[in-house]
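A closer look at the structure
Spelled out from the first residue to the last, the chains are:
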Amino acid sequence: MLKLVKELKQINNFEIELPQDDINDIVQDPKAWAENFAENIIIKFIPNFLKSKKLGKELAERLK
């Protein structure tokens with residue numbers, strides 16, 4: 001069980017880096033920029049989310 005907790009902690013320890021986009025692109029359409037940024041982050045971290053969910057379920061089953 002400790003192994004699962006350590007693995008979950010490692011998966012959930014990540015940093016999101018802001019892109020070095022031109023400020024004019026952001027100012028021109030901030031909503032579109034934010035949506036694009038959020039989509040890219042979600043796509044990048046989907047494997048982490050799925051693995052974390054699986055490990056969380058395993059941990060919950062062991063705690064029953």
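Cut-offs and rules
Residues numbered from 1 in each chain as written. Predicted model: local features only at pLDDT ≥ 70, side-chain atom pairs only at ≥ 80, totals over all residues. Heavy atoms only, no water. Helix = DSSP H or I, 4+ residues; strand = E, 2+ residues; numbered from the N terminus. Buried < 20%, exposed > 50% of the residue type's maximum accessible area, 1.4 Å probe, protein only. Contact = heavy atoms within 4.5 Å. Areas by Shrake-Rupley, 256 points an atom, 1.4 Å probe, with all protein chains shown as cover. Lys, Arg positive; Asp, Glu negative; His and termini not counted. Charge placed at Lys NZ, Arg CZ, Asp CG, Glu CD. Patch = residues over 30% accessible without salt bridge, like charges linked within 9 Å, V, L, I, M, F, W, Y side chains within 5 Å. Salt bridge = Lys/Arg side-chain N within 4 Å of Asp/Glu carboxyl O. pLDDT = per-residue confidence, 0-100. Phe/Tyr/Trp six-rings, centres within 6.5 Å; stacked < 30°, edge-to-face > 60°.

1. Notes on the overall build of the protein
Regarding its fold elements, the protein presents three helices and zero strands. Counting helices and strands in the order they occur from the N terminus, the protein gives α-α-α. If one aligns the C-alpha atoms of the protein with their principal axes, the spans along those axes are about 50 × 15 × 15 Å. Looking at the protein as a whole, 14% of its 64 residues qualify as buried. Nonlocal contacts in the protein, meaning residues at least 24 apart in sequence, comprise 74% of its contacts between residues at least 6 apart. As displayed, the protein offers around 5700 Å² of accessible surface, 57% of which is attributable to carbon and sulfur atoms. Charge-centre separation for the protein: the mean point of 11 positive side chains lies 18 Å from the mean point of 11 negative side chains.

2. Concerning the side chain of Ser52
Looking at the element boundaries, Ser52 is found in helix H3 (residues 30-63). Those residues in contact with Ser52 that lie beyond four places of it in its chain are Leu8, Ile11 and Asn12.

3. Digging into a nonpolar patch on the surface
Where nonpolar side chains cluster on the molecular surface, the patch consists of Phe14, Ile16, Ile42, Ile43, Ile46, Phe49 and Leu50 and spans about 650 Å² of accessible area. Structurally, Ile42 can be placed in helix H3.

4. Quick look at the confidence of the model for the protein
In the predicted model, the protein carries a mean pLDDT of 86, and the fraction of residues at 70 or more is 100%. Helix H1 (residues 2-11) is the least confidently modelled element of the protein, averaging 82 in pLDDT, while H3 averages 90, the highest of any element.

5. Things to note about the packing of aromatic side chains
Inspection of every chain in the model, using the stated rule, returns one aromatic pair. For the ring pair Trp33 and Phe37, a centre distance of 5.4 Å and an interplane angle of 0 degrees mean the geometry is stacked. Here Phe37 and Trp33 lie together in helix H3, a separation of four residues that amounts to about one turn.

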